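For reference, the chains in residue letters:
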Amino acid sequence: MGIEIGAVKLTLDELGTRLQGEFGDDLVDLRVQEPDTLVARVDRHKLHAVAAKLKGLGEIAYDSCNFVAAVDYVTHLETVYHLYSYSTNTYIELHVEIDRNNAVCDTICDIYPAANWHEREAWDMMGVRFEGHPDLRRILLKDDWIGHPLRKDYVDLVENHPNV
Amino acid sequence: MARVMDHYPKLERFEHPNIVTTTADLVFNWARSRSIFPFTYGIACCAIEMLSSGFARFDIARFGWEVFRPTPRQCDLMIVAGTVNEKMAPVLKRLYDQMSEPKWVISMGACATSGGPFYDGYNVVNGVDKIVPVDVYIPGCPPRPEALFHGMLQLQKKIQKMSFVAPRIDEGDELALASLRGEGERAIAPAGQTDGRLPTNAAESQEVQ
Amino acid sequence: MSDVFSNEAPDSAVRLAIERVKAEQSVSDLEGLELGTVIVNMGPQHPSTHGVLRLVVTLDGEVIRDVIPVIGYLHRCKEKLAERRTYFQYIPIPDRTEYVAGMNCEWGYVRTVEKLAGIPVTRRAEFIRVIMAELNRIASHLVAIGTFVADLAPLGTAMAFYTFRDRERILDLLEAASGARMMFNYFRFGGVRYDLPDGWVEKCREFLDYFPPKIVEYENLVNDNAIFLQRTLGKGVLTQEDVKEYAITGPNARASGVKHDLRRTRPYSVYPELDFEIPVGTHGDVYDRYQVRIAEMRESVKIVRQALDMLPKGPVQLGTLRPPYVITPPPGACYTAQENPRGEYGTYIVSDGSRYPYRLKYRDPCFVNLQVFPKLLKGVKIADAIAISGSMDLVLGGIDR
């Protein structure tokens with residue numbers, strides 16, 4: 001089987017209407033961002049279902065996860081998912097709002113294996129716990145590091161810098 | 001004023017310089033400085049400049065230093081090329097301990113000297129001299145291979161000052177004593193001291209500007 | 001102080017490896033016999049891991065059963081540093097992400113900020129950017145190929161001597177234009193810092209005439225060598241399914257037959273006006289990855305020639321950025337990606353209207369490519385594992401950021 005990039009020729013608007021039809025309410029605020037990205041917000045609890053459906057869309061499936069980022073807006077956290085479709089050569093960017101005090105989100109690494117380490121990094125740096133992740137450990141920092149550095153209220157503790 | 005022998009009585013050194021020690025010094029220092037085995041400890045970008053200095057244009061072999069060994073047990077010189085962070089620091093210390101005497105450390109680049117452009121990172125150790133005693137510091141980001149050679153030649157001069165005669169050190173010179181034990185500044189720093197870390201939030205950071 | 005090391009408990013990666021061995025033990029059908037596995041640490045200091053990558057390898061004799069990569073030994077807090085530096089002050093830092101391909105990394109960051117702030121780029125600067133990026137691509141592939149062949153054999157450093165000789169000539173050109181051999185700090189918002197010096201274009205053309213016969217020299221050195229062929233053909237096959245599932249990009253993906261090159265699929269700068277091919281492999285093994293890199297060097301020579309011919313006159317920087325060099329992009333978020341020598345290098349910047357970035361996230365190609373290692377190295381002999389990881393061309397500066 002060969003992966004044909006851009007085999008399905010759809011403009012972004014057509015793609016947007018098609019996805020809106022498929023997903024209805026699950027994709028909130030679906031809009032087009034030139035040149036090749038659709039942006040939408042997804043509710044935290046519907047994320048796994050939406051991702052599974054995006055993967056299984058057939059000829060316009062979004063089959064690859066480009067990256068997963070976590071951003072700390074002081075009132076809440078947000079995870080950003082960037083998915084790529086080889087057949088239409090377009091991206092879709094999903095923004096998921098997460099409660100700051102209970103920073104839990106569903107994992108999508110059972111659907112997209114490429115998201116595995118990105119979610120580990122989001123846990124390490126931002127403290128977002130991914131439910132269902134097979135191996136949620138720290139990835140970039142020491143195992144016994146205290147705190148999640150990329151948070152805006154991060155306090156660097158002395159215990160993180162031992163007398164080596 | 002004490003002698004090293006007072007602290008380490010097992011070391012066999014001569015008390016006073018004489019014709020035997022000066023001749024032996026000359027021969028041993030000449031041999032040691034002209035055929036050092038560096039340790040391939042490239043961590044980051046400076047490692048690529050260290051590699052370049054080993055290849056054809058900047059030939060490190062003309063100084064006799066081309067035998068880079070990957071295991072610390074066969075090396076004299078550890079060229080720390082790159083940023084050392086909290087995860088890497090115990091590894092660095094362990095590798096330094098595995099080298100046998102006499103051993104030297106060159107801290108290559110701004111990151112190994114003092115943290116470099118990442119000095120206020122939460123994970124960055126501000127200088128490898130906090131962990132191991134350093135003999136020569138080479139600034140630069142990255143230092144050109146010629147700068148590395150200049151540092152190496154300075155190290156050669158330093159080696160030529162080594163002697164079989166026990167050196168004198170001040171009683172209160174904690175840093176020199178730590179250096180003799182093979183430890184860096186962190187051994188003598190009081191517990192709980194951090195060195196210029198990232199401030200706690202963005203508001204504070206804006207004040208610094 | 002050295003009592004820190006006296007009884008070191010295994011860390012989380014080694015504990016995970018031990019757990020997995022025990023889990024396998026409990027379901028194995030060897031009654032009363034214990035699995036004779038050895039957990040070996042290819043530690044952060046290793047001559048063949050191309051940087052401070054640690055692989056906790058569970059070995060069954062010579063065959064690898066499981067690999068757990070441990071990274072973070074070069075984590076330099078670049079994403080947090082972005083929140084403390086102004087946009088302009090931060091420009092030298094992306095250089096150090098993938099330090100062998102500094103121009104490409106700077107370009108990625110600068111492009112994202114330009115898109116956020118709406119700063120246009122002068123046309124001459126676009127061509128200069130393409131020239132610098134492609135020259136740096138050639139230099140990066142030379143490092144990749146040289147160190148890869150050096151891994152395969154103890155005297156394989158012979159190939160590295162040849163490739164580094166030519167890399168020095170490229171670095172001479174880049175140094176003449178930007179002032180530095182490796183960490184360039186050359187790109188600015190709206191253009192580049194310095195115009196090309198007098199005589200640079202002629203020297204560049206001289207290099208472009210000198211270089212293609214050298215590629216032939218590399219091929220003659222290595223391509224017919226029986227040992228090289230035995231060690232690289234058919235090893236470490238990445239299928240197209242793997243490329244899709246693990247989001248592998250760059251020469252590693254193209255060697256498997258996926259024609260994914262961001263210069264064509266998501267064109268940026270003046271690449272649509274330039275004529276070049278995308279070399280693609282067929283089998284996705286180590287040999288194909290090596291061949292794709294060699295072919296890409298040839299294509300880059302073509303691109304630089306065309307760009308030099310098409311180089312227009314004009315300013316290289318917009319005159320609007322003056323001291324104190326502060327820009328404040330409007331609030332919003334932006335992601336741009338580009339084709340680094342190792343794959344898709346993306347920068348995601350969130351701005352809140354102040355002069356510091358609010359959040360900067362790198363999408364690094366090597367970080368994503370490394371995820372496929374446990375699958376790729378399973379059941380492979382450990383010597384082949386070295387060859388495979390060398391062919392995947394990892395740079396730890398990007399993985400750890």
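Thresholds, definitions, all that
- For every chain, the first residue of its written sequence is number 1, and the numbers climb from 1 along that sequence.
- Throughout, the order in which chains and ligands are written sets their labels, letters from A for the former and numbers from 1 for the latter.
- In keeping with the model being predicted, local features are shown solely for residues with a pLDDT of at least 70 and side-chain atom pairs are shown and tallied solely at 80 or more, while totals for entire chains, interfaces and linings include all residues.
- In this text, helices come from DSSP runs of H or I with a minimum length of four residues, and strands from runs of E with a minimum of two, each type numbered from the N-terminal end.
- Exposed residues have 12 or fewer other C-beta atoms within 10 Å of their own C-beta, buried residues have 20 or more, and partly exposed residues fall in between, where C-beta atoms are placed from the backbone.
- A pair of residues counts as a contact when their C-beta atoms, built from backbone coordinates, are separated by no more than 7 Å.
- Strand pairing is defined by DSSP finding a minimum of two bridges between the two strands.
- A fitted line through C-alpha atoms represents every axis, and for helices the fit uses only the stretch in contact; the resulting angles, taken between N-to-C directions, go from 0 to 180 degrees.
- Each angle gets one of four labels, with under 35 degrees taken as roughly parallel, over 145 as roughly antiparallel, 65 to 115 as roughly perpendicular, and the rest as oblique.
- All residues other than Ala, Val, Leu, Ile, Met, Phe, Trp, Tyr, Cys, Pro, Asp, Glu, Lys and Arg, Gly among them, are scored as polar; the first ten of these are nonpolar and the last four charged.
- pLDDT measures the predictor's confidence residue by residue and takes values from 0 up to 100.
- Each crossing gets its hand from how the near helix is turned against the far one by less than a right angle, where anticlockwise is left-handed and clockwise is right-handed.
- Buried Ala, Val, Leu, Ile, Met, Phe, Trp, Tyr and Cys residues whose C-beta atoms connect them within 7 Å together make up a nonpolar core.
- An automatic or database domain assignment provides the domain bounds reported here.

Draft legend 1. Structural view of the overall build of chain B. For chain B, the count of helices and strands is eight helices and six strands. Burial statistics for chain B: of 209 residues in total, 43% are counted as buried. Pairs at least 24 apart in sequence give 79% of the contacts found in chain B among residues at least 6 apart.

Draft legend 2. Fine view of the overall build of chain A. For chain A, the helix and strand inventory stands at three helices and seven strands. The linear arrangement of helices and strands in chain A, starting from the amino end, is α-β-β-α-β-β-β-β-α-β. Along the first, second and third principal axes, the C-alpha set of chain A runs to 60 × 35 × 30 Å. Split into buried and exposed, the 164 residues of chain A put 42% on the buried side. By sequence separation, contacts in chain A at least 24 residues apart represent 47% of the contacts at least 6 residues apart.

Draft legend 3. Representation of the sheet that holds strand S7 (residues 343–351) of chain C within the structure. Residues and elements named next belong to chain C. What the three strands build is an open sheet, ordered S6-S7-S8; its pairing is antiparallel. Each having just a single partner strand, strand S6 (332–340) and strand S8 (359–363) make up the two edges of the open sheet. Between one strand axis and the next, the sheet turns through 15° on average, direction left out of account. In this structure, S6 lies alongside S7, joined through nine bridges in antiparallel fashion. Each residue of the ladder has a partner; that of Gly332, found in S7, is Ser351.

Draft legend 4. Quick look at the sheet that holds strand S4 (residues 76–85) of chain A. Residues and elements named next belong to chain A. Judged by pairing direction, the sheet is mixed, and its five strands sit side by side in the order S1-S2-S5-S4-S3 without closing on themselves. The outermost strands of the open sheet, each flanked by one partner alone, are strand S1 (28–33) and strand S3 (64–73). Put simply, the sheet's adjacent strands are angled 20° from each other on average, direction ignored. Of the strand pairs in this sheet, strand S2 (residues 37–42) and strand S5 (residues 90–98) are connected by six bridges, and their pairing is parallel. Each residue of the ladder has a partner; that of Val39, found in S5, is Glu93. Set on the sheet, helix H3 (residues 115–126) makes contact with S3 and S4; between it and S3 the angle comes to about 10°.

Draft legend 5. Representation of the packing of helix H5 (residues 123–152) of chain C against helix H15 (residues 382–391) of chain C in the model. All names here are of chain C. At a minimum axis distance of 9 Å, the contact between H5 and H15 shows a crossing angle of 180°. The angle between H5 and H15 falls in the class roughly antiparallel. From H5, Thr147, Phe148, Asp151 and Leu152 reach across to H15, where they touch Ile386, Ala387, Gly390 and Ser391. Split by residue class, the contact of H5 with H15 holds four nonpolar, three polar and one charged.

Draft legend 6. Here's a closer look at the interface of chain B and chain C. At the interface, 36 residues of chain B touch 32 residues of chain C. Where the side of chain B that touches chain C is concerned, the elements lending two or more residues are helix H3 (45–54), helix H4 (89–98) and helix H8 (202–208) of chain B. Ranked by the residues each element gives to the side of chain B that touches chain C, the list is headed by H4(B), at five residues.

Draft legend 7. Layout of unusual backbone geometry. For the peptide bond that leads from B:Glu101 to B:Pro102, omega is -15°, which places it in the cis range. Looking at the element boundaries, B:Pro102 is found in the loop between H4 and strand S4 (104–108). Cis geometry marks the peptide bond from B:Cys141 to B:Pro142; its omega dihedral reads -10°. Here B:Pro142 lies in the loop between strand S5 (136–138) and helix H6 (145–160). One non-glycine residue, C:Asn185, lies in positive phi territory at about 55°. In this structure, C:Asn185 sits in the loop between helix H6 (157–178) and strand S4 (187–188). Positive phi, close to 55°, is recorded for C:Ala247, a residue that is not glycine. For C:Ala247, the position within the fold is in the loop between helix H9 (240–245) and helix H10 (251–254).

Draft legend 8. Local environment of the confidence of the model for chain B. Residue and element names in this part refer to chain B. Of the residues in chain B, 82% have a pLDDT of 70 or more, and the chain-wide mean is 80. Contacts for the low-pLDDT stretch residues 199–209, under 50 throughout, to residues beyond four places or in other chains number ten contacts. Predicted complex metrics record ipTM = 0.92 and pTM = 0.90.

Draft legend 9. Spotlight on the environment of C:Ser12. Within the secondary structure layout, C:Ser12 lies in helix H1 (residues 12–27). As a C-alpha pair, C:Ser12 and C:Val70 span 58 residues in sequence and 9.6 Å in three-dimensional space. Apart from the residues within four sequence positions on either side, C:Ser12 is in contact with A:Arg137 and A:Asp143.

Draft legend 10. Layout of the packing of helix H7 (residues 200–222) of chain C against helix H12 (residues 286–309) of chain C. All names here are of chain C. Where H7 contacts H12, the axes come no closer than 10 Å and their chain directions differ by 165°. Viewed along their axes, H7 and H12 adopt a mutual orientation that is roughly antiparallel. Relative to H12, H7 is oriented so that their crossing is left-handed. Only Ile294, Met297, Arg298, Val301, Val304, Arg305 and Leu308 of H12 make contact with H7, whose side of the interface consists of Val201, Cys204, Arg205, Leu208, Phe211, Pro212, Ile215, Tyr218 and Glu219.

Draft legend 11. Broad picture of the nonpolar core. Judged by nonpolar contacts, the single largest core of 202 residues is most densely connected at B:Met78, B:Ile79, B:Val80, B:Ala81, B:Val84 and B:Met108. The greatest single-element share of this core, amounting to 18 residues, is contributed by H5(C). For this core, the two domains that each supply at least three residues are domain 1 (10–70) and domain 2 (78–400) of chain C. Ignoring sequence-local partners within four residues, the contact set of B:Val84 consists of B:Ile43, B:Ala89, B:Leu92, B:Ala112, B:Val125, B:Val128 and B:Ile131.

Draft legend 12. Quick peek at H15(C). Residues and elements named next belong to chain C. Within H15, seven of the ten residues are buried, which leaves the element mostly enclosed by the surrounding structure. For H15, every residue scored as buried is listed here: Asp384, Ala385, Ala387, Ile388, Ser389, Gly390 and Ser391. Where H15 is buried, its residues touch strand S3 (63–70), H5, helix H8 (226–232), H12 and helix H14 (373–376).

Draft legend 13. Up close: the environment of C:Arg264. Residue placement: C:Arg264 occurs in helix H11 (residues 262–265). As for C:Arg264 and C:Ile278, which are separated by 14 residues in sequence, their C-alpha atoms are 8.6 Å apart.

Draft legend 14. Representation of the pairing of S2(A). Residues and elements named next belong to chain A. By the bridge criterion, four bridges tie S1 to S2 in an arrangement that is antiparallel. Looking at S2, one finds that Val28 is bridged to Arg41. A loop of three residues connects S1 with S2, the two strands running antiparallel in sequence.

Draft legend 15. The arrangement of the environment of B:Gly82 in detail. Residues and elements named next belong to chain B. Looking at where Gly82 falls in the secondary structure, it is placed in the loop between strand S3 (77–81) and H4. Here the alpha-carbon distance between Gly82 and Val128, two residues 46 residues apart in the chain, equals 9.5 Å. Not counting residues up to four positions away in its chain, the partners in contact with Gly82 are Gly42, Ile43, Ala44, Cys45, Cys46, Ala47, Gly109, Cys111 and Ala112.

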